Amino acid sequence: MKTFLRKRLLPLIFATLSYNLLGCGSSNSSPPETDNTVRLSESYYSDLYAWNEQGGLAQTQLGRGLNLGNYLEAPVEGEWTGGRVLVEEDLQRIADAGFKTVRIPVRWSAHSELAAPYTIDSTFMARVKEVVGWANNTQLKVILNVHHYTEMMDDPENRQTAHILRLQGIWQQISEQFPLSEYPRYNLIFELLNEPNGSIDYDDWNNIIARLLTLIWDDMEAQQNNGSEQRIVMIGTANWGHPDGLTKLVLPNSVDASNTIITVHYYEPFHFTHQGAEWVDGAADWIGTPWLGTASDQAPLIALFDRVTSWNAQPNRGFELFMGEFGVYSRNSAPAQQKAWTAFIAREAEKRNISWAYWEYASGFGAYDADTGQWRPQLIEALIPIQ
Ligand code: BGC
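What comes next is a walk through the structure. From a predicted model like this one, the values you see are computed outputs, not experimental measurements. (Residues numbered from 1 in each chain as written. Predicted model: local features only at pLDDT ≥ 70, side-chain atom pairs only at ≥ 80, totals over all residues. Heavy atoms only, no water.)

**Some details on helix H5 (residues 160-177)**
Then, number 1: The end-to-end C-alpha distance of H5, which contains 18 residues, comes to 26 Å, matching closely the 26 Å that a straight helix rising 1.5 Å per residue would cover.
Then, number 2: Among the residues of H5, those classed as buried are Gln160, His163, Ile164, Arg166, Leu167, Gln168, Gly169, Ile170, Trp171, Gln173, Ile174 and Ser175.
Then, number 3: The inward-facing, buried residues of H5 abut helix H3 (122-137), strand S3 (141-145), helix H4 (150-153), strand S4 (188-191), helix H6 (202-219) and helix H7 (221-224). (Helix = DSSP H or I, 4+ residues; strand = E, 2+ residues; numbered from the N terminus. Expected span 1.5 Å × (residues − 1). Buried < 20%, exposed > 50% of the residue type's maximum accessible area, 1.4 Å probe, protein only. Contact = heavy atoms within 4.5 Å.)

Next up, the structure:
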């Protein structure tokens, strides 16, 4: 079980505001809903935007994906998954279900030295390569990231310069170990840092992006930018990857739609998706928060999607947008509501040609139940519609 607590203050403020302005607090002519029957149109459970045939690869580079969450991002693999570690069959199962991409969150900072050259433990590096190899062997594209660099975000002394040097050292080693010659650009994408937060504000994050891109594309050009190919990178937003952070993102001139995918995380309304989440302050009080798919439930979520696509429609953008995490914590949520929200978010993304990865495969939000050896019907049907 995770021991850290997160404080997603801005998303919460935003969620509360939108909820009050557009949601249940608004003056609405329809009578108050008194039961918890899901009202989402059944069409969301069908392949509305024709992604089934190629898993979204006809419309986007990454299509439909799944996060291998809670495995290599735990302090020790197995610690957050009841001792279970990833095996090759997991990747085959994911590919067989129709997913095209896996995002592999990795807690490199738990396996690399604190002082330069920040050597990453060779056994751990070999393990990450093994999992990436299994994925690529089953034709799954891989997004490899730096996840949970909490020492940097939560450093009480805010020694940012030192942490940035360490982060650069980590990316230098990843760049050496995963060269284009062995891991072609469409098979492996580097995501610079998961959910910058805490002491990393918007400006800090913009500075870190510039430094990491110089490292990967210029300093490591022999491995990552060899004249005919350039590694595709994925860049998210500060403040926990919230979509509204896009307006604060300043991208270096080296970035364009051919070498960069922009990612956001979608957990709105946060009180619904994270009800009872033990790692979020105050979440016990949100248990029972409904999401029924009514017009007022949908409106703020559509507005948020629209802000994302408007940002991307500005000059010199037109990036592939990737919703790198979205999901509902299963423990306390009603399965019919979890299904409705998941199908709604997935289809609304597909409608806008936004590729996505559900959070996550087989843990607390799990689409797959490792104990029974079955996909959870409410999730797999929402993610990959049968009709
Ligand atoms: C974190 C996970 C968490 C998830 C949902 C991810 O970014 O890494 O630990 O479960 O968000 O809150």
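Further notes follow.
**A closer look at the packing of H5 against H6**
Then, number 1: In the contact formed by H5 and H6, the axes pass within 10 Å of each other and the chain directions differ by 35°. H6 is crossed by H5, and the crossing has right-handed handedness. Of the residues in H6, those in contact with Gln160, Ile164, Leu165, Leu167, Gln168, Trp171, Gln172 and Ser175 of H5 are Asp204, Asn207, Ile208, Arg211, Leu212, Leu215 and Ile216.
Then, number 2: Residues of the contact of H5 with H6, tallied by class, amount to eight nonpolar, five polar and two charged. (Axes fitted to C-alpha atoms, helices over the stretch in contact; angles between N-to-C directions. Left-handed = near helix turned anticlockwise from the far one by under 90°. Nonpolar A, V, L, I, M, F, W, Y, C, P; charged D, E, K, R; others polar.)

**Focus: the pattern of salt bridges**
Then, number 1: Throughout the structure, instances matching the rule amount to 18 salt bridges.
Then, number 2: The partner of Arg84 in a salt bridge is Asp90, and the shortest N-O contact between them spans 2.8 Å.
Then, number 3: For Arg84, a relative accessible area of 24% puts it in the partly exposed group.
Then, number 4: Under the relative-accessibility criterion, Asp90 is labelled buried at 0%.
Then, number 5: Residues Glu348 and Arg352 are paired through a salt bridge, measuring 2.6 Å at the closest nitrogen-oxygen approach. The two residues Glu348 and Arg352 agree in class, both being buried.
Then, number 6: Residues joined by salt bridges that share partners form a network here, namely Asp47, Arg64, Arg347 and Glu350. (Salt bridge = Lys/Arg side-chain N within 4 Å of Asp/Glu carboxyl O.)

**Details of the packing of helix H9 (residues 295-312) against helix H10 (residues 335-351)**
Then, number 1: Interaxial distance between H9 and H10 falls to 11 Å at its minimum, and their mutual angle equals 30°. One finds that H9 runs roughly parallel with respect to H10. Here the hand of the crossing between H9 and H10 comes out right-handed. Here Gln298, Leu301, Ile302 and Phe305 of H9 come into contact with H10, specifically with Trp341, Phe344, Ile345, Glu348 and Ala349.
Then, number 2: Taken together, the residues that form the contact of H9 with H10 break down as seven nonpolar, one polar and one charged. (Parallel < 35°, antiparallel > 145°, perpendicular 65-115°, else oblique.)

**Focus on the packing of aromatic side chains**
Then, number 1: Following the criterion strictly, the structure yields 21 aromatic pairs and no others.
Then, number 2: Here Trp171 and Phe190 contribute two aromatic rings whose centre-to-centre distance is 5.1 Å and whose plane-to-plane angle is 45°, an arrangement assigned as tilted. Pair noted here: Trp171 is in helix H5 and Phe190 is in strand S4, with a separation of 19 residues, a long-range link.
Then, number 3: Exposure remark for Phe190: the relative accessible area of 0% places this residue in the buried category.
Then, number 4: Three or more aromatic residues link up through ring pairs in this structure, and these residues are Phe99, Phe272, Phe326, Trp341, Trp356, Tyr358, Tyr361, Tyr368 and Trp375.
Then, number 5: The ring centre of Phe190 lies 4.7 Å from the NZ or CZ of Arg231, which sits over that ring. (Phe/Tyr/Trp six-rings, centres within 6.5 Å; stacked < 30°, edge-to-face > 60°. Lys NZ or Arg CZ within 6 Å of the ring centre and 35° of its normal.)

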